[in-house]
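Each chain, letter by letter, is given below.
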Amino acid sequence: MNDQAEALRNLVTIQEKLAAAKQTRIVTVTSGKGGVGKSNFSLNFALALQKRGYSVLLFDADIGMANIDVLLGTPAEFNLFHLLKREKTIWEIIQTGPGGLRFIAGGSGFKDLVRLSEADLDYFAAQIGQLHGHVDFLIFDTGAGLSKETLRFITAAQEAVVITTPEPTSITDAYALIKMVKTMGHDVSFRLVINRVADEREGQQTASNIQQVSKKYLNIELPLLGYVPDDSHMIKAVKRQTALSIAYPDSAANRGIERIAAAYLSEDKAVEAGGARSFLQRIRRLWG
Ligand SMILES: Nc1ncnc2c1ncn2[C@@H]1O[C@H](COP(=O)(O)OP(=O)(O)OP(=O)(O)O)[C@@H](O)[C@H]1O
Ligand SMILES: [Mg+2]
């Protein structure tokens with residue numbers, strides 16, 4: 001019997017016993033092209049879910065690039081680096097930002113999960129596995145593009161929110177990302193968010209564009225969660241290092257994100273069977 005498999009089974013048993021009634025859902029926010037608004041969307045989407053009574057943990061999965069703490073203007077004392085180096089536990093690296101938002105900062109000075117030893121990775125898995133049942137949503141904000149790390153965070157999630165702007169390059173890159181994940185046979189369901197639209201019509205057109213090619217060439221439905229207007233308040237909030245939903249709650253962009261959160265929560269989602277076990281299996285995909 002493989003010791004690691006045995007250890008994992010024991011851990012799963014413990015987790016199943018300890019798990020609260022909550023089923024933690026993993027959502028990855030991603031895009032093909034960079035700079036389309038993933039981090040700002042993740043942040044304000046997390047705050048919108050929290051406002052509706054859900055507990056959320058935002059995880060900066062753009063490893064080594066420190067996005068979330070910069071957007072929040074809250075330098076993180078501890079980050080993913082401390083966890084990966086086994087200096088801190090998962091509970092010790094969870095930071096609380098403005099609005100009571102809990103997040104894990106991506107840290108800086110390292111890049112690659114692959115370079116960690118098996119033992120480090122097992123520690124990482126076991127630690128993240130502990131989150132199961134403690135939060136309703138674990139949101140991964142990924143870095144741009146088709147990097148190996150980003151693919152791992154996508155495949156660990158039940159749902160991936162793909163962000164694109166109406167720009168053709170952003171649309172084709174989003175499609176390429178979806179195609180790649182689907183071609184690899186991963187069981188992730190995609191949702192679409194169109195960011196920086198001039199008006200509703202542009203949002204709908206952009207969505208139907210990418211939905212049509214996905215249906216035709218990949219035979220997948222790509223439900224539209226919603227769109228977010230191009231809004232200078234977003235740029236101002238970034239400069240102020242304050243979340244949009246705190247700095248400008250009534251701005252058009254924040255109202256768009258609020259609508260998206262409401263639409264997302266109203267979807268009838270089948271809760272994945274397996275509880276803590278399937279949560280851990282997904283987390284283990286982070287280096288599968
Ligand atoms: N709805 C919006 N309206 C206006 N500007 C926006 C909007 N969304 C994002 N931006 C602008 O785009 C910039 C990049 O956003 P953000 O950092 O969230 O993108 P990202 O996809 O996370 O980037 P990266 O790929 O580098 O991680 C923001 O700093 C802001 O200036
Ligand atoms: Mg980002």
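The following refers to the structure shown. (Residues numbered from 1 in each chain as written. Chains lettered and ligands numbered in written order. Predicted model: local features only at pLDDT ≥ 70, side-chain atom pairs only at ≥ 80, totals over all residues. Heavy atoms only, no water.)

**Details of the overall build of the protein chain**
- When you go through the protein chain residue by residue, the secondary structure sums to 13 helices and 8 strands.
- In the protein chain, buried positions account for 54% of the 288 residues.
- Long-range pairs, those at least 24 residues apart, make up 79% of the contacts in the protein chain with a sequence separation of at least 6. (Helix = DSSP H or I, 4+ residues; strand = E, 2+ residues; numbered from the N terminus. Buried < 20%, exposed > 50% of the residue type's maximum accessible area, 1.4 Å probe, protein only. Contact = heavy atoms within 4.5 Å.)

**Some details on the pattern of salt bridges**
- Under the definition given, this model contains 10 salt bridges.
- The salt bridge partner of Arg-25 is Glu-159, with a shortest N-O separation of 2.8 Å. Of this pair, Arg-25 sits in strand E1 (residues 25-30) while Glu-159 sits in strand E6 (residues 159-164), and the two are 134 residues apart along the sequence.
- Glu-159 gets classed as buried once you look at its relative accessible area, which sits at 1%.
- Measuring nitrogen to oxygen at the nearest pair gives 2.9 Å for the salt bridge that ties Glu-258 to Lys-51. Taken together, the residues span a long stretch of sequence, with Glu-258 in helix H12 (residues 252-266) and Lys-51 in helix H2 (residues 38-51) at a distance of 207 residues.
- Given a relative accessible area of 12%, Glu-258 falls into the buried group. (Salt bridge = Lys/Arg side-chain N within 4 Å of Asp/Glu carboxyl O.)

**Overview of the sheet that holds strand E4 (residues 102-104)**
- Reading across from one edge, E3-E4-E2-E5-E1-E6-E7-E8 is the order of the 8 strands in this open sheet, with mixed pairing throughout. Each edge of the sheet is formed by a strand with only one pairing partner; in this case those strands are strand E3 (95-96) and strand E8 (224-229). (Pairing = 2+ DSSP bridges.)

**A closer look at unusual backbone geometry**
- Positioned with a positive phi, Arg-196 is a non-glycine residue whose angle comes to about 65°.
- With respect to the helices and strands, Arg-196 occurs in strand E7 (residues 189-197).
- In the Ramachandran plot, Gln-241 falls in the positive-phi region, its phi being about 55° despite a non-glycine side chain.
- You can see Gln-241 is positioned in the loop between helix H10 (232-240) and helix H11 (244-247).
- By relative accessible area, Gln-241 is classed as partly exposed at 38%.

**A word on helix H9 (residues 200-218)**
- For H9, spanning 19 residues, the distance from its first C-alpha to its last is 26 Å, which sits close to the expected 27 Å at 1.5 Å a residue.
- Those residues of H9 lying buried are Gly-203, Thr-206, Ala-207, Ile-210, Ser-214 and Leu-218. Along the axis of H9, the buried residues cluster in a sector spanning 95°; they form a single face. The outward face of H9, more than 90 degrees from its buried face, is lined by the exposed residues Arg-201, Gln-212 and Lys-216.
- One or two residues past the end of H9 sits Asn-219, with phi positive at roughly 55°. (Expected span 1.5 Å × (residues − 1). Arc of directions from axis to C-beta.)

**Here we look at the packing of helix H8 (residues 168-183) against H9**
- Packing of H8 against H9 brings their axes to within 11 Å, and their N-to-C directions diverge by 35°. Crossing geometry of H8 relative to H9 is assigned as right-handed. For the pair H8 and H9, the contacting residues are Ile-171, Ala-174, Tyr-175, Ile-178 and Lys-179 in the first and Thr-206, Asn-209, Ile-210, Val-213, Ser-214, Tyr-217 and Leu-218 in the second.
- A breakdown of the residues in the contact of H8 with H9 according to their chemical character gives 8 nonpolar, 3 polar and 1 charged. (Axes fitted to C-alpha atoms, helices over the stretch in contact; angles between N-to-C directions. Left-handed = near helix turned anticlockwise from the far one by under 90°. Nonpolar A, V, L, I, M, F, W, Y, C, P; charged D, E, K, R; others polar.)

**Section: the site of ligand 1**
- Gly-35, Lys-38, Ser-39, Asn-40 and Asn-195 are the nearest of the 18 residues found near ligand 1.
- A distance of 3.0 Å separates a nitrogen atom of ligand 1 from a polar backbone atom of Pro-229.
- With respect to ligand 1, the backbone of Asp-231 contributes an N or O atom lying 2.9 Å from a nitrogen atom.
- Starting from 630 Å² of accessible surface for ligand 1 in isolation, the protein chains cover 82%.
- Contributing elements (two or more residues each) for the shell around ligand 1: H2, E7, E8 and H10. (Near = heavy atom within 4 Å. Polar contact = N/O pair within 3.5 Å; in protein donor to acceptor, adjacent residues only side chain to side chain. Areas by Shrake-Rupley, 256 points an atom, 1.4 Å probe, with all protein chains shown as cover.)

**Quick notes on the side chain of Gln-158**
- Relative to the assigned elements, Gln-158 resides in the loop between helix H7 (148-156) and E6.
- Within the local environment of Gln-158, its side chain forms a polar contact with the backbone nitrogen of Ile-26, the two atoms lying 2.8 Å apart.

**A look at the environment of Lys-182**
- By the secondary structure assignment, Lys-182 is in helix H8.
- Separated by 38 residues in sequence, Lys-182 and Ile-220 have C-alpha atoms that sit 9.0 Å apart.
- Apart from residues lying up to four places away in sequence, Lys-182 is in contact with Val-188, Phe-190 and Ile-220.

**Considerations on the packing of aromatic side chains**
- Going through the model one piece at a time under the given rule, you end up with 7 aromatic pairs.
- Relative to Phe-153, the ring of Phe-59 has its centre 6.0 Å away and its plane inclined at 50°; by these criteria the two rings are tilted. With Phe-59 in strand E2 (residues 56-61) and Phe-153 in helix H7, the pair connects residues that are 94 residues apart, well separated along the chain.
- Overall, the relative accessible area of 0% leaves Phe-153 in the buried class.
- In textbook terms, an aromatic cluster arises when at least three aromatic residues are bridged by ring pairs, as seen for Phe-41, Phe-45, Tyr-54, Phe-137 and Tyr-264.
- The side chain of Lys-88 reaches across the aromatic face of Phe-78, ending 4.5 Å from its centre. (Phe/Tyr/Trp six-rings, centres within 6.5 Å; stacked < 30°, edge-to-face > 60°. Lys NZ or Arg CZ within 6 Å of the ring centre and 35° of its normal.)

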